[in-house]
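Remarks on the overall topology
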Amino acid sequence: MSGILFSRTDARLGTMAVRPLDPDADAELLHGWVTHPKAAFWMMQDADVSEVRSEYRKIAEHPCHDAYIGLVDGEAAFLVERYDPARLELVGLYDAQPGDVGMHFLCAPTDQPVHGFTRAVITTVMAFVLTDPAARRVVVEPDVRNTAVHALNAAVGFEVVGPVTKPEKEALLSVCTREQFLAAIQGVTPC
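Since the model is a prediction, treat every value here as computed from it, not as a measurement.

Thresholds, definitions, all that
Residues numbered from 1 in each chain as written. Predicted model: local features only at pLDDT ≥ 70, side-chain atom pairs only at ≥ 80, totals over all residues. Heavy atoms only, no water. Core = buried A, V, L, I, M, F, W, Y, C linked by side-chain atoms within 4.5 Å. Buried < 20%, exposed > 50% of the residue type's maximum accessible area, 1.4 Å probe, protein only. Helix = DSSP H or I, 4+ residues; strand = E, 2+ residues; numbered from the N terminus. Contact = heavy atoms within 4.5 Å. 1 Å grid on protein atoms, 1.4 Å probe; cavity = no way out; pocket = protein on both sides within 12 Å on 5 of 7 lines; lining within 4 Å. Points joined across faces, edges and corners; volume = space filled by probe spheres on them. Nonpolar A, V, L, I, M, F, W, Y, C, P; charged D, E, K, R; others polar. Phe/Tyr/Trp six-rings, centres within 6.5 Å; stacked < 30°, edge-to-face > 60°.

**Observations regarding the nonpolar core**
- Among the nonpolar cores identified, the biggest contains 32 residues, and Phe 78, Met 103, Phe 105 and Met 126 are the most heavily contacted of them.
- Elements supplying a minimum of two residues to this core: strand E2 (14-20), strand E3 (65-72), strand E4 (75-83), strand E5 (100-107), helix H3 (117-129), strand E6 (137-140) and helix H4 (147-155).
- In terms of residue count, H3 provides more of this core than any other element does, nine residues in total.
- Residues in contact with Met 103, not counting those within four places in the same chain, are Glu 81, Tyr 83, Ile 122, Val 125, Met 126, Val 129, Val 138, Val 139, Val 140 and Phe 158.
- In this structure, Val 52, Tyr 56, Ile 69 and Leu 106 belong to the second largest nonpolar core, which totals 18 residues.

In structure tokens form, the structure reads like this:
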């Protein structure tokens, strides 16, 4: 398994890092995450381990889609997907711009929630995605009913574009530039 691709320190949670996902080694771990009731919007509730492995092998083999495991102090704690929204997920559904990067994230289920954990995760994911100098803005398309993630997206600088109809869901398209993200995490209003 490859090493750490990105890390940052969160003052409250410690070291948050991102490593490549290994579809074979991580399938059982992912299965527990994506089939958990709190992951309903991930749309894999009925998947078995082999189906999860197969799905993440497809992602690993796709030239426009990547998946990663997020770690907190070395322990697997969240899932990240990065994709080209002009070629996957949103083809023909929005005004694609050069430098657009699509993103999904999922926090591992826990019996002991930590206040601020999910916000620290989305901050880490955004910082990771934006380490690519070619990335000009991050594009997301969560289910319109997922109000919790809409609030998190707003907290890190996303601006709502509007609803888009996808085959599997009604989504709320939102975008966030590097400048909007930095302003949001630094608590300033962008020009």
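**Describing the layout of surface pockets**
- Taken as a whole, the largest pocket encloses approximately 1300 Å³ of empty space.
- The wall of the largest pocket is formed by 48 residues, among which Phe 41, Trp 42, Phe 105, Leu 106 and Cys 107 lie closest to the centre.
- Sorting the residues of the lining of the largest pocket by element identifies helix H2 (49-61), E4, E5, H3 and H4 as the ones contributing at least two each.
- With five residues, E5 is the largest single contributor of residues to the lining of the largest pocket.
- Of the residues in the lining of the largest pocket, the class split is 26 nonpolar, eleven polar and eleven charged.
- Taken together, 14 residues make up the lining of the second largest pocket; nearest its centre are Tyr 83, Asp 84, Asp 100, Val 101 and Asp 132.
- Of all elements in the fold, only E3, E4 and E5 reach the threshold of two or more residues within the lining of the second largest pocket.

**Remarks on the packing of aromatic side chains**
- For the structure on display, the rule yields two aromatic pairs.
- Where Phe 6 meets Phe 128, the ring centres are 5.9 Å apart and the plane angle is 50 degrees; that geometry is what we call tilted. Of this pair, Phe 6 sits in strand E1 (residues 6-10) while Phe 128 sits in helix H3; the two residues are 122 residues apart in sequence, bridging distant segments of the chain.
- A residue is classified by how much of its surface remains accessible, and Phe 6, at 14% relative accessible area, is buried.
- Relative to Phe 128, the ring of Tyr 68 has its centre 4.9 Å away and its plane inclined at 75 degrees; by these criteria the two rings are edge-to-face. Here the residue Tyr 68 occupies a position in strand E3, and Phe 128 occupies one in helix H3, the gap between them amounting to 60 residues.
- Judged by relative accessible area, Tyr 68 falls into the buried class, the value being 6%.
- Among the aromatic residues, those joined into a cluster by ring pairs are Phe 6, Tyr 68 and Phe 128.

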